[in-house]
Amino acid sequence: MRTLLLLVLSMVANVRDATAQDAQCVRERTAMVETIKDYARSRAGVLGQQGFSERVLEAMGQAKRHLFIPERSCSIAYADRPIPIGLGQTISQPFIVALMTELAGVAPDHVVLEIGTGSGYQAAILAHLARKVCTIEIIPQLAEAATKALKDLAYDNVSVRLGDGYAGWPECGPFDAVVVTAALGQVPPPLIEQLKVGGRLVMPVGADYGTQHLTVVEKTAPDKTTTRAVVPVRFVPFMRSPSR
Ligand code: SAH
């Protein structure tokens with residue numbers, strides 16, 4: 001009887017702890033959204049006076065970033081900083097995730113391609129905004145962990161594929177938007193081919209560990225694009241599969 005009572009009491013305490021932790025996470029996530037909103041306002045040159053759209057801020061306020069990182073700590077997850085996710089890779093700081101999402105111009109009926117699934121967090125943000133997200137990751141352990149995180153959180157409009165994203169994913173497209181989260185000296189031509197006319201590709205373009213610019217390529221006609229460099233950034237390198 002006494003053991004049963006202790007067990008019930010410890011269960012109640014655990015639930016209370018979990019609820020308190022959830023509330024703390026919600027507060028930290030709300031604060032993160034305010035931070036990136038203010039940051040966008042203070043750097044009006046990047047997104048203009050209007051800053052982030054409500055849709056993007058809402059997605060950033062909903063996705064549980066702490067469940068995509070190894071530590072699962074809210075104080076780490078919701079600081080506006082990049083976070084190591086193992087195997088030499090990192091999730092970008094929340095401001096950059098939001099900025100890439102905003103620049104991609106994602107609408108509710110869109111099909112979006114992401115190259116570099118990593119933790120799955122950017123894919124989750126895109127999944128809040130688009131109809132379908134197809135994302136490719138080259139490192140098996142990361143692809144596996146991201147697939148699990150996305151499934152556990154019921155993101156059922158995201159498909160994760162293991163492989164080199166250079167060639168895109170034609171069977172999943174054509175795409176209204178493409179987001180690449182690893183840096184390369186030039187935009188892979190297959191990604192432009194798989195982009196619809198009127199669609200946008202957002203990608204860090206530049207040397208490995210050197211100067212890179214977050215770049216927006218807009219496809220204005222079947223064989224025409226316009227390119228704009230938005231801000232200097234620092235991303236992990238885009239890798240190429242040895243079997244190509
Ligand atoms: N979008 C991720 C950020 C990941 S960092 C997130 O939200 O967590 C960049 C990722 O790109 C890494 O996981 C890296 O393994 C992956 N990557 C690098 N080159 C790639 C390639 N050619 N194809 C697919 N993924 C690639």
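Per-chain numbering applies: the sequence of each chain, read as written, is numbered from 1 onward. Local features in this predicted model are restricted to residues of pLDDT 70 or higher, and side-chain atom pairs are both shown and tallied only at a pLDDT of 80 or more, whereas totals for entire chains, interfaces and linings draw on every residue. Hydrogen atoms and water are omitted, and side-chain values are computed over all heavy atoms in the structure.

Quick look at the pattern of salt bridges
So, point 1. Salt bridge criterion: a side-chain nitrogen from Lys or Arg within 4 Å of a carboxyl oxygen from Asp or Glu. Throughout the structure, instances matching the rule amount to seven salt bridges.
So, point 2. A salt bridge links Glu171 to Arg161; its shortest N-O distance comes to 3.3 Å. Taken together, the residues span a long stretch of sequence, with Glu171 in the loop between β5 (158-162) and β6 (175-180) and Arg161 in strand β5 at a distance of 10 residues.
So, point 3. The class for Glu171 is exposed, based on a relative accessible area of 62%. Strands here mean DSSP runs of E at least two residues long; helices mean DSSP runs of H or I at least four residues long; both are numbered from the N terminus. Burial here depends on accessible area, computed with a 1.4 Å probe over protein chains only, as a share of the maximum for the residue type. Under 20% is buried, over 50% is exposed, and the range in between is partly exposed.

A word on the packing of helix α3 (residues 54-62) against helix α6 (residues 121-129)
So, point 1. The angle between two axes is taken between their N-to-C directions and runs from 0 to 180 degrees, where each axis is a line fitted to C-alpha atoms and a helix contributes only its stretch in contact. Viewed as axis vectors pointing N to C, α3 and α6 meet at an angle of 130°, and their least axial separation amounts to 9 Å. With respect to α6, the element α3 is oriented oblique. For the pair α3 and α6, the sense of crossing is right-handed. For the pair α3 and α6, the contacting residues are Arg55, Val56, Ala59, Met60 and Gln62 in the first and Tyr121, Ile125, His128 and Leu129 in the second. Roughly parallel covers angles under 35 degrees, roughly antiparallel covers those over 145, roughly perpendicular covers 65 to 115, and oblique covers all other angles. Two helices crossing with the near one rotated counterclockwise from the far one by less than a right angle form a left-handed crossing, whereas a clockwise rotation gives a right-handed crossing. Contacts between residues were defined by any pair of non-hydrogen atoms, one from each residue, lying within 4.5 Å.

Points about the nonpolar core
So, point 1. To form a nonpolar core, buried Ala, Val, Leu, Ile, Met, Phe, Trp, Tyr and Cys residues must be joined to one another through side-chain atoms within 4.5 Å. Core analysis: the largest hydrophobic core is formed by 56 residues, its most contacted members being Phe52, Met60, Leu99 and Tyr121.
So, point 2. Take this core: its biggest share by element is eight residues, from helix α5 (residues 94-104).
So, point 3. Those residues within four positions of Met60 in sequence are excluded, and the remaining contacts are Arg29, Met32, Val33, Ile36, Pro94, Val97, Ala98, Tyr121 and Ile125.
So, point 4. With 23 residues, the next largest nonpolar core counts Val178, Leu191, Leu195 and Val236 among its residues.

Here we look at the state of the cysteines
So, point 1. Criterion for a disulfide: a pair of cysteine sulfur atoms within 2.5 Å. Here the structure, examined in full by the defined rule, presents two disulfides.
So, point 2. The partner cysteine of Cys25 in its disulfide is Cys74, sulfur to sulfur 1.8 Å. The chirality of the disulfide connecting Cys25 with Cys74 is right-handed, given an S-S dihedral of about 85°. In this pair, Cys25 sits in helix α1 (residues 2-42) while Cys74 sits in helix α4 (residues 74-77), placing the two residues 49 residues apart along the sequence. Accessibility classification places Cys25 together with Cys74 in one group, the buried group.
So, point 3. A disulfide bridge connects Cys134 with Cys172, and the sulfur atoms are separated by 2.1 Å.

Re the site of the ligand
So, point 1. Around the ligand there are 26 residues in total, and Glu114, Ser119, Glu137, Gly165 and Met239 lie nearest to it.
So, point 2. We call two N or O atoms a polar contact when they sit within 3.5 Å, provided that within protein one can donate a hydrogen and the other can accept it, with sequence-adjacent residues counted only if both atoms are side-chain atoms. Within the side chain of Glu137, an N or O atom sits 2.6 Å from an oxygen atom of the ligand.
So, point 3. A distance of 2.8 Å separates a nitrogen atom of the ligand from a polar atom in the backbone of Gly165.
So, point 4. Contact with the protein chains removes 99% of the 580 Å² of surface that the ligand exposes when unbound.
So, point 5. The greatest single-element share of the shell around the ligand, amounting to three residues, is contributed by strand β2 (residues 89-91).
So, point 6. When grouped by side-chain class, the residues that make up the shell around the ligand number 12 nonpolar, 11 polar and three charged. If a single non-hydrogen atom of a residue is within 4 Å of a molecule or strand, that residue counts as near it. A 1.4 Å probe and the Shrake-Rupley method give the accessible areas. Residues count as covered only by the protein chains that appear here. Classification convention: Asp, Glu, Lys, Arg as charged; Ala, Val, Leu, Ile, Met, Phe, Trp, Tyr, Cys, Pro as nonpolar; all other residues, Gly among them, as polar.

Remarks on the packing of aromatic side chains
So, point 1. Stacked, tilted and edge-to-face pairs are distinguished by plane angle, under 30 degrees for stacked and over 60 for edge-to-face with tilted covering the rest, among Phe, Tyr and Trp rings (Trp via its six-membered ring) whose centres lie within 6.5 Å. What the rule picks out here adds up to four aromatic pairs.
So, point 2. Seen from their ring centres, Tyr166 and Phe238 are 6.3 Å apart, and the 80° between their planes marks the pair as edge-to-face. Of this pair, Tyr166 sits in the loop between β5 and β6 while Phe238 sits in the segment after β9 (224-233), and the two are 72 residues apart along the sequence. Residues Tyr166 and Phe238 agree in their burial class; the two are buried.
So, point 3. Members of the aromatic cluster, each reached through a chain of ring pairs, are Tyr39, Phe52 and Phe95.
So, point 4. Here, a charge over a ring means that NZ of Lys or CZ of Arg falls within 6 Å of the ring centre while also lying within 35 degrees of the ring normal. It is Arg65 that lies over the ring of Tyr121; its NZ or CZ is 4.9 Å from the centre.
So, point 5. Stacked on the ring of Tyr166, the Lys or Arg Arg240 has its end atom at 3.7 Å from the ring centre.

Quick word on the sheet that holds strand β3 (residues 111-115)
So, point 1. Strand order in the open sheet formed by seven strands is β5-β4-β3-β6-β7-β8-β9, and the pairing between neighbours is mixed. Two strands close off the open sheet at either side, each with one partner strand: β5 and β9. For this sheet, the mean angle separating the axes of adjacent strands, direction not counted, is 15°.
So, point 2. One requirement defines pairing of two strands: DSSP has to find at least two bridges between them. As paired strands, β3 and β6 are joined by four bridges and run parallel to one another. By the bridge assignment for β6, Glu114 is matched with Val179.
So, point 3. Here α5 sits on the sheet and contacts β6, β7 (195-206), β8 (212-221) and β9; the angle it forms with β7, its principal contact strand, is near 150°.

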